[in-house]
Amino acid sequence: MLLSLTDVTKTYPGNDRAVLDLVSFDLGRGGMLALTGESGSGKSTLLHLIGGLDSADSGKVVFDGIDLTPMNDAGRAELRRGSVGVIFQQFNLIPSLSVARNIAFQARLAGRHDPSLDTMLADRLGLGDHLNKYPEHLSGGQQQRVAIARTLAARPQLVLADEPTGNLDEASADTVLTLLQDLVTETGASLILVTHSERLAARLPRRLHLRAGRLS
């Protein structure tokens, strides 16, 4: 089992209600699941706990046999560099770096840069003719593809995708999700996809739904 959550609870200061309330689920190696729910249901918070961007108040988040809950900031940062990749809705590309250098950035931090993998990802994602361009010269769909390539180039064990197609039209969203699923499979990673789209969620083999901080 790659990921196991047991009775995970998270409350933010000033909130009477827990954002996450006794959330438990497992994800095997190579598994893919869609996480759905209304705005404010706790989806992004759950992704942040799994990705080491925040820590739970109670319960366990066990990744590859290691409990993340008591881990300090440095330990969680190391996890993100080496094992967990996050694809954000807003892309978070580095404006001063070319497409090629953006793709290589995370892999270099992880100490596993592989130029041949960069080339494969760029070609599969239709970025081969844009490697010397900068993010500001790309469309939204192209920037999202760069963000996907950057994440997968570091060969993470788990990819967390937070509304990665939220800024794209329906046709582009379908294309990007197909590429993401194919490339996740080819690189041996697991995938958790947060989406508001029932249509996209139905394309993954498993689905979890959050409602008011609880899985339903």
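Each value, and the rule that gives it
Residues numbered from 1 in each chain as written. Predicted model: local features only at pLDDT ≥ 70, side-chain atom pairs only at ≥ 80, totals over all residues. Heavy atoms only, no water. Core = buried A, V, L, I, M, F, W, Y, C linked by side-chain atoms within 4.5 Å. Buried < 20%, exposed > 50% of the residue type's maximum accessible area, 1.4 Å probe, protein only. Helix = DSSP H or I, 4+ residues; strand = E, 2+ residues; numbered from the N terminus. Contact = heavy atoms within 4.5 Å. Salt bridge = Lys/Arg side-chain N within 4 Å of Asp/Glu carboxyl O. Axes fitted to C-alpha atoms, helices over the stretch in contact; angles between N-to-C directions. Parallel < 35°, antiparallel > 145°, perpendicular 65-115°, else oblique. Left-handed = near helix turned anticlockwise from the far one by under 90°. Nonpolar A, V, L, I, M, F, W, Y, C, P; charged D, E, K, R; others polar. Pairing = 2+ DSSP bridges.

**Student:** Help me understand the nonpolar core, please; the structure alone is not making it clear to me.
**Tutor:** Core analysis: the biggest nonpolar cluster contains 37 residues, and Ile103, Val184 and Leu191 have the highest contact counts within it. The set of elements that each furnish at least two residues to this core consists of β3 (32–37), α3 (99–110), α4 (115–124), α5 (140–153), β7 (158–162), α6 (170–187), β8 (190–194) and α7 (198–201). By residue number, the principal contributor to this core is α6, which donates seven residues. Each residue touching Val184, except ones within four places of it in the same chain, is listed here: Met32, Leu152, Val159, Ala189, Ser190 and Leu191.

**Student:** Is there a simple way to think about the pattern of salt bridges in this case?
**Tutor:** Any two side chains of opposite charge can pair if their charged atoms end up close together. Following the criterion strictly, the structure yields 12 salt bridges and no others. The salt bridge partner of Lys10 is Asp54, with a shortest N-O separation of 3.4 Å. Of the two residues, Lys10 is situated in strand β1 (residues 3–10) and Asp54 in the loop between α1 (43–50) and β4 (58–63); the sequence distance between them amounts to 44 residues. When its relative accessible area of 8% is taken as the criterion, Lys10 is described as buried. We note a salt bridge from Asp73 to Arg76, for which the minimum N-O separation is 2.4 Å. Within this pair, Asp73 and its partner Arg76 are both found in helix α2 (residues 73–82), separated by three residues, close to a single helical turn. On the basis of relative accessibility, which here comes to 8%, the residue Arg76 falls in the buried class. A cluster of three or more residues bridged by salt bridges with shared partners is formed by Glu170, Asp174, Arg199 and Arg203.

**Student:** Please clarify how the packing of α4 against α5 should be interpreted in this entry.
**Tutor:** Helix-helix packing is characterised by the crossing angle of the two axes and by the distance between the axes. The interhelical angle for the contact between α4 and α5, taken along N-to-C directions, is 150 degrees, at an axis separation of 10 Å. As the angle between them shows, α4 and α5 are arranged roughly antiparallel. In terms of crossing hand, the pair formed by α4 and α5 is right-handed. Touching Leu117, Asp118 and Leu121 of α4 are Ala149, Leu152 and Ala153, all from α5. Its residues placed into classes, the contact of α4 with α5 shows five nonpolar, no polar and one charged.

**Student:** Where do I start with the sheet that holds strand β9 (residues 207–211) in this structure?
**Tutor:** Paired through backbone hydrogen bonds, the strands of a sheet run either parallel or antiparallel to each other. Pairing is mixed across the open sheet formed by six strands, whose spatial order is β6-β7-β8-β3-β9-β10. Two strands close off the open sheet at either side, each with one partner strand: β6 (84–87) and β10 (214–215). As defined by bridge partners, β6 adjoins β7 across four bridges and the pair is classed as parallel. Within β7, the position partnered with Val84 by the bridge is Leu158.

Such coordinate-based values are descriptive only and should not be taken to indicate function.
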